[in-house]
Amino acid sequence: MSKLSVSVLSADFSKLGADCREVLDAGADMIHFDVMDGHFVDNLSFGLPVLKSLRKALPDAYFDVHLMITSPLEFIMEFVEAGANCITFHVEASNSIRCTVAAIKAFGCDVGLAVNPNTPVEAVFPFLYDLTIILVMSVKPGHAGQKFHPQTPIKLRKLKAECVKRGIDPLISVDGGIKIENTAPLCIDSGANLLVAGSAIFDAPDRVEAVHAFKALKKN
Ligand code: DX5
Ligand code: ZN
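Predicted model, so just to flag it, every value in this text is computed and none were measured. (Residues numbered from 1 in each chain as written. Chains lettered and ligands numbered in written order. Predicted model: local features only at pLDDT ≥ 70, side-chain atom pairs only at ≥ 80, totals over all residues. Heavy atoms only, no water.)

Before going further, it helps to examine the pairing of strand S8 (residues 194-197). Here S8 shows no split at all, with Leu 194 and Val 196 on one side and Leu 195 and Ala 197 on the other all buried. With three bridges connecting them, strand S7 (residues 171-175) and S8 associate as parallel partners. Across the sheet, the residue bridging to Ser 173 is Leu 194, located in S8. Regarding topology, helix H6 (residues 183-189) serves as the crossover connection from S7 to the parallel S8, and that connection is right-handed. (Buried < 20%, exposed > 50% of the residue type's maximum accessible area, 1.4 Å probe, protein only. Helix = DSSP H or I, 4+ residues; strand = E, 2+ residues; numbered from the N terminus. Pairing = 2+ DSSP bridges. Right-handed = clockwise from strand over helix to strand, strands pointing away.)

Here's what the structure looks like:
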């Protein structure tokens, strides 16, 4: 069964804690926390104080923090202290990837590495043994509710094949335009085992039902 990480970018921020609680109680495995700096991506979202509040409200939740920021290394300690369980940064954002991976690990946090639609998935291969999550972006990062990039399944298959070749089984995640009816099953069949979904959950008429539907998807 694949895991589900719910992106709060499409939640109602006036009741963020309750929205997170609802999807976790429904069976979501983790909360995907999208941090944007208006520089690495053309949008701003939320950051440290919001994560800190959510951690306080949800002490047992797993927070999968997706840093879409230019200088991830500078903020590792703050995000760990605010409550991150995993910090995912972008291969395109850092020229000190090994150093950033080591810094995250040194704080006892899980490490994720993300790759944009226009970057070959091979860019993450040198770091595979150190990663808990490899995040294949299926949209250009920056906004919720975008259309799924058609090259994504090919990248997922390449990544899965490389992991099998090396005898490792990390979380292969996919983020952007993930819908229950089509792109979610396609990604699972292509090797993804951690789906990130925002608008498919928060814009659904019944979120609990939407979480259940994601969790019921099986590999063909
Ligand atoms: C995009 C973010 C995603 C986004 C997904 O930059 O990284 O996590 O919130 O939203 P949906 O599921 O609506 O495509
Ligand atoms: Zn994200």
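Next comes the rest of the description.
The environment of ligand 1 is formed by 19 residues, the closest being Asp 34, Gly 142, Asp 175, Gly 177 and Ser 199. Contacts to ligand 1 include Ser 7, whose side-chain N or O atom sits 2.9 Å from an oxygen atom. Here an oxygen atom of ligand 1 sits 3.4 Å away from a polar atom, N or O, in the side chain of His 32. Relative to its unbound accessible area of 380 Å², ligand 1 is 100% covered by the protein chains. (Near = heavy atom within 4 Å. Polar contact = N/O pair within 3.5 Å; in protein donor to acceptor, adjacent residues only side chain to side chain. Areas by Shrake-Rupley, 256 points an atom, 1.4 Å probe, with all protein chains shown as cover.)

Those protein atoms acting as donors to the zinc ion (ligand 2) are His 32 (NE2), Asp 34 (OD), His 66 (ND1) and Asp 175 (OD), and they sit at 2.1 to 2.3 Å. Motif for the zinc ion (ligand 2), donor spacing along one chain: H-x1-D-x31-H-x108-D. The pair formed by His 32 and Asp 34 is uniform in burial state, with each residue classed as buried. (Donors = N, O, S within 2.8 Å, 3.2 Å for Na, K, Ca; no water.)

The next subject is helix H2 (residues 48-57). Along H2, the residues that are buried comprise Leu 51, Leu 54 and Arg 55. What you see down the axis of H2 is that its buried residues fit within an arc of 100°, all on one side. Seen from the open side of H2, the exposed residues pointing more than 90 degrees away from its buried face are Pro 49, Lys 52 and Lys 56. (Arc of directions from axis to C-beta.)

That's the geometry; what it means functionally is another story.
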